[in-house]
Each structure stands twice: as C-alpha cells, then as structure tokens.
Amino acid sequence: KNIVILISGRGSNMEAVVRAAQAEAWPARIAAVISNRADAKGLEFAAAHGIATAVVPNKDYPTREAFDAALAEVIDTHAPDLVVLAGFMRILTPGFVEHYAGRMLNIHPSLLPHFPGLHTHEAALAAGHAEHGATVHFVTAELDHGPVVDQVAVPVLPGDTAQSLAARVLEQEHVLYPRAIRWFIEDKLTVENGRVYGPHNP
Ligand code: GRF
C-alpha cells in the first residue's frame, strides 16, 4: 500500500510515522512527503530517508481550487491508498476532500470536539480543562470534524504553559498517529454512520 504524507513545517508526526513503518515493517511504503512550503523542516528528514519529496507552493496558485487541483495531481502520481495530513496547515476544498474520501486522515492537537482550529493549547488552558490531548480523524469537508479514529488524553498540570502542554500532547501524538495509520493499512477500520469501528472500539 502507498501512503502519501502532507506537511507544512517541522514534520515530527511524519517522522514518527516513517520510523514506525520501518521499525514495524508495515505492509506499506511512504511513497512521498509533499509540502506546500519549500522551507518545511520535515522535507530534509524525508529526503535523508530516501523518500520522494515534492513542494507545491500554495502561493503560486490564485485560488484554493487551483492549488488543491495541482496538489491532487502530484499526490495521485503516487497512487495513494492513504493520504496522511501531518501538520498540513491549509484549509482543503470540498472537491479535494471528496476525492480522498475514506482515505485521508488528520491529527489535531485537542480532544475533539473541543477546540477545532488553531491555538488549541492556549484554548484548553483558558477553558480550565483538566485534560487535553489529540485526535486522529478521517477528513471531511468541515475543518477538524469527521469520524474519530482514536484519541489520547494527557493531564493539564499546574503551572502549564501552552508550550509545556503542547510538548506533552506532541509526545503522545507520536504514539497515537502511527498506531491509527497502521490500523488503516491493516484494514482494521470501518466507518458506519459517521462512526469508526476498530481495535479501540470494536
Ligand atoms: C501537531 O501538533 C499536529 O497535531 C498539528 O500540527 C502539529 C504538527 O507538528 N496538526 P509536526 O509538524 O508534526 O511536528
């Protein structure tokens, strides 16, 4: 099976997925890592691991539709069974989302449905929540919605800053995301009426 990973920056989740795929000998290959930014740090790691990389700069396209069409064209040259959004900081058009329906996952740094969108760690602190975390979900047209595959919770501790909380969540993202992707690759996930059934939720 072919996995294409989309990033915009650091790429630590992408790195965790690449390392898990290698260490656990997944029946899948990371066919490409694609970024909308040439300066995305994660591209260096991917290239150093022999993974094809590509940059589709969103700034080169006049509309979201034009960018998404160009991006899909590059993605589809790799015949993806799964598209993995890993810190990909673009809002996707409904046409793009539809094209990858049922085969595109995202990780979001909150316990959805709490705190969709940006600045989730600040929002969790401001709300005074005792727990925060991350969610892996299938991508649907509505931002940070879509059937939830799995979640992980971490405690919010006294004295936490957005940075300390983000670091605690990120460590768990690196466990959560590879495991969820592996379930997909092993055909262990089914979606029925907007609900995901899988190993965590039989
Ligand atoms: C992660 O917190 C992820 O949940 C969010 O963006 C961040 C990306 O970090 N969508 P990285 O690029 O994977 O290091």
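Keep in mind the model is a prediction, meaning the values are calculated, not measured. (Residues numbered from 1 in each chain as written. Predicted model: local features only at pLDDT ≥ 70, side-chain atom pairs only at ≥ 80, totals over all residues.)

> So what exactly am I meant to see when it comes to the overall build of the protein here?
Each helix and strand in the protein was counted, giving six helices and nine strands. A globule of 202 residues ought to have a C-alpha radius of gyration of about 17 Å, and the protein, at 16 Å, matches this closely. Its C-alpha atoms put the protein at 45 × 40 × 35 Å along the principal axes. Across the 202 residues of the protein, 36% fall into the buried class. If you take every contact in the protein between residues at least 6 apart in sequence, the share linking residues at least 24 apart comes to 67%. (Helix = DSSP H or I, 4+ residues; strand = E, 2+ residues; numbered from the N terminus. Rg over C-alpha atoms; globule rule 2.2 N^0.38 Å. Buried ≥ 20, exposed ≤ 12 C-beta atoms within 10 Å, placed from the backbone. Contact = placed C-beta atoms within 7 Å.)

> So what exactly am I meant to see when it comes to the sheet that holds strand β5 (residues 104-108) here?
Each strand in a sheet pairs with its neighbour through backbone hydrogen bonds, running either in the same direction (parallel) or in the opposite one (antiparallel). Pairing is mixed in the open sheet, where seven strands are placed in the order β3-β2-β1-β4-β5-β6-β7. Edge positions in the sheet fall to β3 (52-55) and β7 (148-155), since each has one partner strand and no second. If you compare each strand with its neighbour and ignore which way they point, the axes differ by 20° on average. Pairing geometry for strand β6 (residues 131-138) and β7, over seven bridges, is antiparallel. When the sheet's bridge partners are listed, H137 is paired in β7 with V148. (Pairing = 2+ DSSP bridges. Axes fitted to C-alpha atoms, helices over the stretch in contact; angles between N-to-C directions.)

> Is there a simple way to think about the UniProt feature "site: Raises pKa of active site His" (unreviewed entry) in the protein in this case?
Per the UniProt entry, the sites bearing "site: Raises pKa of active site His" (unreviewed entry) are D144 in this numbering. Looking at the element boundaries, D144 is found in the loop between β6 and β7. When near neighbours in sequence (up to four residues on either side) are disregarded, D144 contacts H108, L112, P116 and G117. (UniProt positions renumbered as here; feature names shortened; annotations may be inferred.)

> Help me understand the site of the ligand, please; the structure alone is not making it clear to me.
Around the ligand, the structure places 14 residues, and the nearest of them are R10, S12, N13, G87 and P109. Only α1 (12-23), β5 and α6 (162-185) provide two or more residues apiece to the shell around the ligand. For the shell around the ligand, the residue count by class is six nonpolar, six polar and two charged. (Near = placed C-beta within 6 Å. Nonpolar A, V, L, I, M, F, W, Y, C, P; charged D, E, K, R; others polar.)

> What am I meant to see in the packing of helix α5 (residues 120-127) against α6 here?
In a pair of packed helices, the angle between the axes and the distance between the axes together describe the arrangement. Between α5 and α6, the shortest axis-to-axis distance is 9 Å and the interhelical angle comes to 115°. Of the possible angle classes, the one that applies to α5 and α6 is roughly perpendicular. Both α5 and α6 take part in a crossing whose hand is right-handed. In this structure, α5 uses H121, E122, A124 and L125 to contact α6, whose residues at the interface are A162, L165 and A166. (Parallel < 35°, antiparallel > 145°, perpendicular 65-115°, else oblique. Left-handed = near helix turned anticlockwise from the far one by under 90°.)

> Looking at this structure, I do not really get the pairing of strand β4 (residues 82-85). What am I missing?
For a regular strand, side chains alternate in direction, first toward one face of the sheet and then toward the other. Relative to β4, strand β1 (residues 2-7) runs parallel, the two being bridged by four bridges. Its bridge partner lying in β4, I3 is registered against L82. Assessed by its sense of winding, the connection that carries the chain from β4 through helix α4 (residues 94-99) to β5 is right-handed. (Right-handed = clockwise from strand over helix to strand, strands pointing away.)

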